[in-house]
Structures are given as C-alpha cells and as structure tokens.
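What follows is each chain in one-letter form.
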Amino acid sequence: MKYGLFTRAAFFGVAALLAGSVSELRAEDMSALIAQGKYVAEASDCSACHTVRGRGEFAGGMEFKLPIGSLYSSNITPDPTHGIGAYSEAEFSRAVREGVRRDGASLYPAMPFPSYARMSDGDLHALYVYFMKGVQPVALAVPPNSIPWPLSIRLPMTIWRAVFSPSVVAAQKDVNRPLRDDEIERGAYLVEGPGHCGACHSPRGMALQEKALSNSNGSLFLSGGAAIDGFVPTSLRQDQRTGLAGWSEDDIVQFLATGRNRRGEAFGGMTDAIFHGTQHLTDADLHAMARYLLSLQPHQPTLSAWHYDPSAANALQAGDASAQGAKVYVDHCEACHRSDGRGYAPAFPPLAGNPVLMSADPASLVHVVQSGAVLPGMTKAPSAFAMPAYSGILSSQQIADVVTFIRKAWGNNAAPVTAAMVEELRKSAPESAIKKGIIPLN
Ligand code: HEC
Ligand code: HEC
Ligand code: HEC
C-alpha cells in the first residue's frame, strides 16, 4: 500500500505506458484515473495555493510575499498558453517532484516540491491525467512576479534545489523504509509526502530549507514551525503541552476531517490545509495519518504533562477578577470560553490545555484575539463558528493582559506577553484566508 495512494492508479499507469499515451486509455479507465488523480490533488492540497476566488479552479495568481518581492502561484489548468497544457507527463513530474519548470528554470520552494519528491509514480500519473483531462482550462495570465533584477534570476534557486531538495530516487528510498505496520507506512507516506505537513510544522534553517523532511531525519521533523502569515504551527509530535501528547487517534481524525474537536479549533493556515485538503480524505487515510503522528517520539521529552488547575476558575466563580487580565477575560471572553476555560466544544474551543495556548511563541494568540478567526463549515461539519476581532475594542495593554491571563490560567502556565510584543505583532496582522479569497465563506 505504501507505494501510492492507489495501486489501481499504478496499474493504469503501466497500462498507459504500454498503450503509448494517455489519450489511448479506455473511457472507464480514464474516468477512474481522473477520480483518483482528483483525490491525490486533494491529499496534496494543490488548490490551497493554486485556486483564488474569482479566477477559476487552479488558475493560480495567489500572492506569496517573499522578502525580495512578490511571487504568484502558476496557472496549472490545462490551458496551453497560460497554464500547463503543453507539459508532457515527464515535465509535469519534474515540476511537481523536483521543482523544475518546463522551460528548465527552477521554481521557488513556495511550491513544496521537497515533500512531493516522495510521491509515487502511480500517484503522479493519476495526478497528471486529472490535470490534463479532469480540470477546466482557464485562459488567464497570472500577474508578473515583482521580484527586481538581479534577484529575479532563478540561478540561486537551482543551487538551493541541488543542496536542499532530495532527488526523487533518494526520497523514494526513504519512503520505502519499513515502519511498524502497513497502516503507519501509509500514514507516513501521506503526511511526509503529498500532505507536506512539514512545510508548515517543521522548523526551517537559514536558507528557509526544512531542517528535516521526514521522521528518519530525526525529531526536528514536525516539531513546530515558524509563524506563517502570523500563525504558529504547533508540534505534531508527542510533546507534552505544546504537541499532540494527550490527543487520541479519534481527536486527530476529527480535527483533520472537520477542523474542530474537544481540544481546539483550526485557524490560520491550518484552516486552508483542512478545507482544501484533509476534509476530503477517507476515514481509513485519516486514521493512518493519526496513527503515524501518534508514533512520533517527542522533540522535547523533558516537558511535563499538562494538568488542569482549578484555582483560576474558582477565583472567577467567586467574583475575584484581580489577576492580571482576569477582568478583560470576564468582560469579553468568558461568555464563550467559560470561567473554567473549557469552552463549549466544538462550537467554542477550550483554552485550558489547548496546545496553541502553551506554545513558546504567543503570536497566534495575539493575532486571533486582535483579528478574530472564522472556521468555515466543512462537508462533515457544516456549521461555521466565529471568534470576534478585538483590535478596535481592546488596547494593546488589555490584549497583552488577557493573553497573559489565558496563558497562565487553568494549569497552562505559559510565559506572559507584554504590550510592546502586541504592538509589534499589530504591524504584521494577518489578512484572513477568507478575505484573501482562499476560503469561500458560505
Ligand atoms: C504551498 C503552496 C503550493 C502548493 C500546495 C502547490 N503549489 Fe504548485 N506552485 C506554487 C507556487 C508559488 C508556484 C510558482 C513558483 C515559481 O514561480 O517559482 C507553483 C508552481 C507550480 C508549477 C509550475 C508551473 C509553471 O510552469 O509555472 C506546477 C506544475 C505546479 N505548481 C503544480 C502543483 C501541483 C500539481 C500541486 C499539488 C500536487 C501543487 N502545485 C501544490 C505553490 C504551491
Ligand atoms: C499552511 C500551513 C499548514 C499546513 C500545510 C499544515 N498545517 Fe497543521 N497547523 C498549522 C497552524 C498554523 C496550526 C496552529 C493553529 C491551529 O491549531 O489550527 C496548525 C495546527 C495543527 C493541528 C492542531 C494542533 C494543536 O495543537 O491545536 C494539527 C493536528 C495539525 N495542524 C495537523 C496537520 C497535518 C496532519 C498536516 C498535513 C496534512 C498539517 N497540519 C498541515 C499550519 C499548517
Ligand atoms: C462569541 C464567542 C467568542 C468570544 C466572545 C471569544 N471567543 Fe475566542 N474563539 C471563539 C471561536 C468560535 C473560536 C474558534 C475560531 C476558529 O478556530 O476559527 C475561538 C478561538 C479562540 C482562540 C484559539 C483557540 C483555538 O483552538 O482555536 C483563542 C486563544 C481565543 N479564542 C481567545 C479568546 C479571548 C482571549 C477572548 C476574549 C478577548 C475570546 N476568545 C472571545 C469564540 C469566542
């Protein structure tokens, strides 16, 4: 199973090679391949970066702000002029797994080809057939990149690729390493490969390379990443407090399927990853991913387990709001998140014992309180939930106070936040995914 999302796709891949070309496939084989390729595209989250509202599915044009200027994702519809209609299967495979464009130029690693290098030949074949035959062509150019010359020369990206991106051969060898059982191998394939979870959840080095691309590179893999659009991806390893220690297999499956569970609610880039990606996966695949994540050793094994401490709840319930930030919490937050910090899951997430509250970097919390957050409805959980934005209501000092309160209360015991930190973070307030048009609000 670990060799691909679909063994059938691999079979058809061979059939297509023997037949000479994709166009010679029988109609029913073709529609099966297209359906399989669509599933691979969902497991790989292609539309999170290549679909912008108002331009058509996969027509590209999403802006990526780099320190050197703006980059736009490509139109990957089969339009021959503006899209990838002229790509052969080999050229498509090189672009997706190796980061090389049809004209030979290197792609920026905003496109997660270092993870996609792990994708199987069978999955790549189904994906190609889907993009060529199952996606509508859109004749729309993407805005030109605003990266000034000489930085626009892609030569450094070629060097970057050579140094930091694995060859397909090396990546496949790692994919085939034996793990405890078939299901965990399948989960590893999905998380480390198409799911590219490490692109956000692993720390990056000086050249913005992921410090580990799979669990065989050690425990930095999925140990938590730097803020993306202001939101901090937490550890997905068995780290106490800041990671998934204490989450059950079902907690993880429910989070990936619906963006909500009894422990928290998705926001920031994770909402995109669920909305475009994981909510479409089968239960069997989500369980495989969850079991694989649960098998990862902690990166910081010395962190102590979180235990609920009732003293903050007792004080609030006795009318004592003297702790720093407690008054703001009572006036603005308690109605939804409750004095005991346990919320009303899944509508209002708990703040007690929630890993995003105990992360060393409080940026996510400050942004969520300042800018609010909306969790859209998902296929399996159609209701949408919203957290109000407080930037116009609370001063920086009040935001610092209330964030300090929720980081400390209920046994969370995380470090305080100052007004100066809030001021600094105000400058980089994220644009919500909904405003950007990544997620339609229905
Ligand atoms: C995290 C964002 C992201 C994801 C996910 C992503 N891409 Fe991309 N992709 C980009 C960006 C950005 C570019 C443009 C990079 C550049 O110009 O250097 C790009 C470029 C490409 C190109 C090059 C086309 C050309 O000629 O310019 C192809 C092909 C492509 N992506 C296919 C895919 C497929 C297929 C998937 C899913 C399996 C996918 N991408 C997922 C961001 C992404
Ligand atoms: C675009 C960046 C991005 C990608 C890709 C991404 N994540 Fe996340 N993820 C985040 C952020 C940011 C958070 C913290 C906010 C939250 O809890 O929703 C998060 C949180 C989570 C959480 C909840 C952890 C907690 O402590 O609340 C889980 C579980 C998770 N991600 C799993 C995954 C898996 C599995 C994948 C790959 C299929 C993945 N993520 C891909 C950005 C991302
Ligand atoms: C009207 C109900 C409501 C009120 C009032 C409210 N919240 Fe929320 N809060 C939510 C909802 C719903 C989410 C989940 C949003 C999402 O995930 O997109 C949330 C998410 C959060 C999160 C992220 C946790 C997670 O797992 O998603 C934090 C931190 C938070 N709220 C803190 C606060 C603070 C501090 C206040 C008061 C200043 C407050 N909230 C007021 C409803 C509320």
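Rules and cut-offs
- Residues numbered from 1 in each chain as written.
- Chains lettered and ligands numbered in written order.
- Predicted model: local features only at pLDDT ≥ 70, side-chain atom pairs only at ≥ 80, totals over all residues.
- UniProt positions renumbered as here; feature names shortened; annotations may be inferred.
- Helix = DSSP H or I, 4+ residues; strand = E, 2+ residues; numbered from the N terminus.
- Buried ≥ 20, exposed ≤ 12 C-beta atoms within 10 Å, placed from the backbone.
- Contact = placed C-beta atoms within 7 Å.
- Near = placed C-beta within 6 Å.
- Nonpolar A, V, L, I, M, F, W, Y, C, P; charged D, E, K, R; others polar.
- pLDDT = per-residue confidence, 0-100.
- Core = buried A, V, L, I, M, F, W, Y, C linked by C-beta atoms within 7 Å.
- Domains from an automatic or database assignment.
- Expected span 1.5 Å × (residues − 1).
- Axes fitted to C-alpha atoms, helices over the stretch in contact; angles between N-to-C directions.
- Parallel < 35°, antiparallel > 145°, perpendicular 65-115°, else oblique.
- Left-handed = near helix turned anticlockwise from the far one by under 90°.

The protein chain has the name Cytochrome c in an unreviewed UniProt entry, where Gluconobacter sphaericus NBRC 12467 is given as its organism. For the record of the protein chain, the UniProt heading Subcellular location (unreviewed entry) holds the text "Cell membrane".

> An account of the overall build of the protein chain is requested, with residue identities and associated values reported.
When helices and strands are counted, the protein chain shows 21 helices and six strands. Principal axes of the C-alpha set define a box for the protein chain whose edges measure 75 × 50 × 40 Å. Here the protein chain, with 442 residues, has 47% of them falling under the buried criterion. Within the protein chain, counting contacts between residues at least 6 apart in sequence, those at least 24 apart form 66% of the total.

> Account for the environment of Asp320, naming residues and giving values.
With respect to the helices and strands, Asp320 occurs in the loop between helix H14 (311-317) and helix H15 (326-332). Residues Asp320 and Ala360, 40 residues apart in the sequence, show an inter-C-alpha distance of 28 Å.

> Can you explain unusual backbone geometry? Please cite residues and give values.
Cis geometry is found at the peptide bond from Ala345 to Pro346, where omega equals 0°. In this structure, Pro346 sits in the loop between helix H16 (334-337) and helix H17 (355-358). One non-glycine residue, Leu222, lies in positive phi territory at about 60°. Of note, the phi angle at Arg338 is positive, near 70°, even though the residue is not glycine.

> Can you break down helix H18 (residues 363-371) residue by residue, with the values?
Across the nine residues of H18, nine count as buried, placing the element largely inside the fold. Those residues of H18 lying buried are Ala363, Ser364, Leu365, Val366, His367, Val368, Val369, Gln370 and Ser371. Against the buried residues of H18 lie H17, strand E5 (373-375), strand E6 (385-387), helix H19 (396-408) and helix H20 (419-427). Gly372 occupies a position one or two residues after H18 and carries a positive phi of about 75°.

> Outline the UniProt feature "domain: Cytochrome c" (unreviewed entry) in the protein chain, supporting the account with residue identities and numerical values.
Feature annotation in UniProt places "domain: Cytochrome c" (unreviewed entry) on residues 32-135, 182-297 and 320-410, given in this structure's numbering. This span, residues 32-135, is 43% helix and 8% strand, and a straight line between its end C-alpha atoms measures 14 Å. Helix makes up 40% of residues 182-297 and strand 3%, and the two end C-alpha atoms of the span are 19 Å apart.

> Now, about the site of ligand 2: what can you tell me, with residues and values included?
In the neighbourhood of ligand 2, 27 residues make up the surrounding shell, with Cys197, Cys200, Gly269, Met270 and Pro355 lying closest. Every element with two or more residues in the shell around ligand 2 is listed here: helix H10 (198-201), helix H11 (249-258), helix H12 (269-277) and H17. With four residues, the top contributor of residues to the shell around ligand 2 is H12. Classifying every residue of the shell around ligand 2 gives 18 nonpolar, eight polar and one charged.

> If you had to explain the UniProt feature "binding site: heme c 3" (unreviewed entry) in the protein chain to someone new, which residues and values would you point to?
Sequence positions flagged by UniProt for "binding site: heme c 3" (unreviewed entry) are, in local numbering, Cys333, Cys336 and His337. As for its position among the elements, Cys333 is in the loop between H15 and H16. By C-beta crowding, Cys333 is classed as buried, having 22 other C-beta atoms within 10 Å. Here Cys336 shows up in helix H16. Discounting chain neighbours no more than four positions away, the residues touching Cys336 are Gly343 and Phe348.

> Help me get a handle on the confidence of the model for the protein chain, residues and values and all.
Per-chain confidence: the protein chain averages 90 in pLDDT, with 92% of residues scoring 70 or above. Contacts for the low-pLDDT stretch residues 1-20, under 50 throughout, to residues beyond four places or in other chains number 44 contacts. Note that pLDDT drops below 50 for residues 437-442; the model gives that stretch 18 contacts with residues more than four away or on any other chain.

> Any details on the nonpolar core? Residues and values, ideally.
With 96 residues, the main nonpolar core has Met289, Leu293, Val366, Val402 and Val403 as its most contacted residues. With eight residues, helix H6 (residues 121-134) is the single largest residue contributor to this core.

> Quick one: what's the story with the site of ligand 3, residue by residue and with numbers?
Taken together, the neighbourhood of ligand 3 is formed by 27 residues, with Gly264, Glu265, Cys333, Cys336 and Met387 sitting nearest. Looking at the shell around ligand 3, the elements with two or more residues in it are strand E4 (264-265), H16, H18, E5, E6 and H19. Tallied by class, residues from the shell around ligand 3 come to 22 nonpolar, four polar and one charged. Looking at which domains feed residues into the shell around ligand 3, each of domain 2 (176-294) and domain 3 (311-436) gives three or more.

> So what's going on with helix H2 (residues 27-43)? Residues and values would help.
Counted at 1.5 Å a residue, the expected span for H2 with its 17 residues is 24 Å, and the 24 Å between its end C-alpha atoms agrees. For H2, every residue scored as buried is listed here: Leu33, Gln36, Gly37, Tyr39, Val40, Ala41 and Ala43. Once H2 ends, the next one or two residues include Asp45, with phi positive near 65°.

> I'd love a proper account of the packing of H11 against helix H13 (residues 283-294), names of residues and values included.
For any two helices packed against each other, the geometry is given by the interaxial angle and the distance between the axes. One way to put it is that H11 packs onto H13 with a least axis distance of 9 Å and a crossing angle of 125°. One finds that H11 runs oblique with respect to H13. In this structure, H11 meets H13 at a crossing whose hand is right-handed. In contact with Glu249, Ile252, Val253, Leu256 and Ala257 of H11, H13 contributes Leu286, His287, Met289, Ala290, Arg291, Leu293 and Leu294.

> Give me the packing of H19 against H20: which residues, what numbers.
Between H19 and H20, the least distance of the axes is 8 Å, while the angle of their chain directions is 110°. In terms of axis orientation, H19 runs roughly perpendicular to H20. Considering only the axes of H19 and H20, their crossing is right-handed. Where H19 abuts H20, its residues Ser396, Gln397, Ile399 and Ala400 lie against Ala419, Met421, Val422, Glu423 and Arg426. Class assignment for the residues of the contact of H19 with H20 results in five nonpolar, two polar and two charged.

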